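Residues per chain, in single letters:
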Amino acid sequence: MTRILLLENPHISADAVFERYGFEVIRYPGALDEDELIERLKGVDMLGIRSKTNVTRRVIEANPQLTAIGAFCIGTNQIDLEAASEHGLAVFNAPYSNTRSVVEMVVALLIALTRDIPAKNAALHKGLWMKSAAGAHEVRDKTIGIIGYGSIGSQLSVIAEALGMHVLFYDIAEKLALGNAHRAYSLDELLEQADVVSLHIDGRPENTNFFDKAKFDKMKKGSVFINLSRGHVADLHALQEKLDDGTIAGAAVDVFPKEPKANGDPFESNLAGYDNVILTPHIGGSTIEAQKSIGDFVAMKLANYWRKGSTELSVNIPNIATSPSRDSLRRVAWFHHNTPGALASVNQLFANAGANVTYQSLSTAGEYGYMVTDTADPVPDEILEELKQAPAHIRLRVLKREY
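Note that the structure is a prediction, hence the values are computed from the model and not measured.

1. Some details on the overall build of the protein
Then comes step 1: Looking only at helices and strands, the protein has 13 helices and 16 strands in total.
Then comes step 2: Dimensions of the protein, computed from the C-alpha atoms along their principal axes, are close to 85 × 45 × 35 Å.
Then comes step 3: By residue count, 50% of the 403 residues in the protein fall in the buried class.
Then comes step 4: In the protein, once contacts between residues fewer than 6 apart in sequence are set aside, the share between residues at least 24 apart is 64%.
Then comes step 5: Separation of charge centres in the protein, based on 40 positive and 50 negative side chains, amounts to 5 Å.

Right, dumping it as structure tokens:
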């Protein structure tokens, strides 16, 4: 029976998908460190994680039987993708499933901060009545600066404009401005104009402390800072300095450089105790709707890869989405180094063995290639052995067609 280990409580909808196809689901509620993960993966075919579990090269090399990894979240920076590719592990994520949830939370936070709601709320909890318009503003006619104009940043752009805000965005890639949004051609331009700065960049290592003291220094006096991207991309001590000197009027932080592994674990932050700071426990995408969508999506990607060899939307293996046809009995899925003549050599192997090929597809990306070859007959052992011995070989799987 195929076994999958799910960590960090992805939505239960994932279990229904796996159980539908006869997979055994093993759950562990929190994240695991490297040694724990290596041990718990023994005898496991696939792994499902969220954002806190790091799948390192050492973990991958210690578990050669591992076939695929599913990130039940947007980012995959917690997975060593280079090591995964070198060992033929397919990695899947859910790049768009929680976009709306994150955007709605940003809107809620920016309105709360511009209306000075956190401080008013804190005062009432202390038994103090502080009815005042001081420090409270409408978001209409304010400028939001969106750093990172991907799926989240661009949808935030549309909703912010609908609220009457002016939208300025910055991205290192060429992006089409939506609605009346304007592109800033430098971060300095954005930071000098934005009343609200919302960060939506990815978690690649080179983005560590991307938003540093120099960038906080350039923010407009009285502006608001929001980070729902990754914890290590913003220098929270530099943010604290600007809160203390009054340059930044308020901040919302949902992600942190170091986060607890499980619910109930202690948490510390240099920003704790500030009445004008909203701290949330990495819940930007944590709505029931988003988590169910992510659970369904990633589980189906893993199931389809295991059963059909489909790599559609894999982040590291060239994409092939076609299912075996009704004429096919077996599918040979071969992940290999992208070398000239790979397709011709495989075809020659099948021709020499007299195998009846019913379908074939090859996709390449960079240094890697992925090929599926369907046959109407059992695949001769000599073909499989020659493929495994080929210099370009990384991983070979033989799948039986399932109706």
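2. Concerning the environment of Gly369
Then comes step 1: Tracing the sequence through the fold places Gly369 in strand β15 (residues 368-375).
Then comes step 2: On the accessibility criterion, Gly369 (0% relative accessible area) is buried.
Then comes step 3: Excluding anything up to four places from it in sequence, Gly369 contacts Pro318, Trp334, Phe335, His336, His337, Asn338, Ser363 and Thr364.

3. Here's the deal with the pattern of salt bridges
Then comes step 1: Across all of its chains, the model carries 23 salt bridges by this definition.
Then comes step 2: Arg100 is paired through a salt bridge with Glu104; the nearest N and O atoms lie 2.9 Å apart. With Arg100 and Glu104 both in helix α5 (residues 99-114) and 4 residues apart, the pair spans about one turn of that helix.
Then comes step 3: Between Asp195 and Lys220 there is a salt bridge; the shortest N-O distance is 2.8 Å. A residue pair is termed long-range when its members are at least 10 positions apart, and Asp195 in the loop between α8 (187-193) and β9 (196-199) and Lys220 in the loop between α9 (213-217) and β10 (223-227) qualify at 25 residues.
Then comes step 4: Overall, Lys220 belongs to the partly exposed group, its relative accessible area being 31%.

4. Some words on unusual backbone geometry
Then comes step 1: Look at Asp116: it is not a glycine, yet its phi comes out positive at around 60°.
Then comes step 2: Its place among the elements puts Asp116 in the loop between α5 and α6 (117-125).

5. Some details on the sheet that holds strand β5 (residues 90-92)
Then comes step 1: Pairing in this open sheet of 5 strands is parallel, and the strands run β2-β1-β3-β4-β5 from one edge to the other. Since the sheet does not close on itself, it has two edges, and those belong to β2 (24-28) and β5, each with one partner. When strand polarity is set aside, the average angle formed by the axes of neighbouring strands in this sheet is 15°.
Then comes step 2: In the sheet, strand β1 (residues 3-7) pairs with strand β3 (residues 46-49) via 3 bridges, with the strands oriented parallel. Directly across from Leu5, in β3, lies its bridge partner Leu47.

6. Thoughts on the layout of surface pockets
Then comes step 1: Quantified by volume, the second largest pocket comes out at close to 530 Å³.
Then comes step 2: Around the second largest pocket, the lining comprises 20 residues; the ones closest to its centre are Ser51, Lys52, Asn54, Gln78 and Pro257.
Then comes step 3: Looking at the lining of the second largest pocket residue by residue, the class counts come to 4 nonpolar, 9 polar and 7 charged.

7. What to know about the packing of α5 against helix α7 (residues 151-162)
Then comes step 1: Relative orientation of the contacting elements α5 and α7 amounts to 50°, with a least axis distance of 9 Å. Classified by the interaxial angle, the pair formed by α5 and α7 is oblique. Relative to α7, the crossing made by α5 is right-handed. Counting all contacts with α5, which are made through Thr99, Arg100, Val102, Val103, Val106 and Val107, the residues of α7 involved are Ser151, Ile152, Gln155, Leu156 and Ile159.

8. Remarks on the pairing of strand β4 (residues 68-71)
Then comes step 1: A two-sided burial pattern is seen for β4, the buried positions comprising Ala68 and Gly70 on one face and Ile69 and Ala71 on the other.
Then comes step 2: Across 4 bridges, the pairing between β3 and β4 is parallel. Bridge assignment links Ile49 to a residue of β4, and that residue is Ala71.
Then comes step 3: Each parallel crossover has a hand, and the one from β3 via helix α3 (residues 57-62) to β4 is right-handed.
Then comes step 4: Taken together, β4, helix α4 (residues 81-86) and β5 constitute a β-α-β crossover, and its handedness is right-handed.

9. Digging into the packing of helix α1 (residues 13-20) against helix α11 (residues 288-308)
Then comes step 1: Interhelical geometry of α1 versus α11 gives an angle of 25° and a closest axis separation of 7 Å. In terms of their interaxial angle, α1 and α11 are classed as roughly parallel. In the packing of α1 onto α11, the handedness of the crossing is right-handed. For the pair α1 and α11, the contacting residues are Ser13, Ala14, Val17, Phe18 and Arg20 in the first and Gln291, Lys292, Gly295, Asp296, Ala299, Met300, Leu302 and Ala303 in the second.
Then comes step 2: Taken together, the residues of the contact of α1 with α11 sort by class into 7 nonpolar, 3 polar and 3 charged.

Parameters at a glance
- Residues numbered from 1 in each chain as written.
- Predicted model: local features only at pLDDT ≥ 70, side-chain atom pairs only at ≥ 80, totals over all residues.
- Heavy atoms only, no water.
- Helix = DSSP H or I, 4+ residues; strand = E, 2+ residues; numbered from the N terminus.
- Buried < 20%, exposed > 50% of the residue type's maximum accessible area, 1.4 Å probe, protein only.
- Contact = heavy atoms within 4.5 Å.
- Lys, Arg positive; Asp, Glu negative; His and termini not counted.
- Charge placed at Lys NZ, Arg CZ, Asp CG, Glu CD.
- Salt bridge = Lys/Arg side-chain N within 4 Å of Asp/Glu carboxyl O.
- Pairing = 2+ DSSP bridges.
- Axes fitted to C-alpha atoms, helices over the stretch in contact; angles between N-to-C directions.
- 1 Å grid on protein atoms, 1.4 Å probe; cavity = no way out; pocket = protein on both sides within 12 Å on 5 of 7 lines; lining within 4 Å.
- Points joined across faces, edges and corners; volume = space filled by probe spheres on them.
- Nonpolar A, V, L, I, M, F, W, Y, C, P; charged D, E, K, R; others polar.
- Parallel < 35°, antiparallel > 145°, perpendicular 65-115°, else oblique.
- Left-handed = near helix turned anticlockwise from the far one by under 90°.
- Right-handed = clockwise from strand over helix to strand, strands pointing away.

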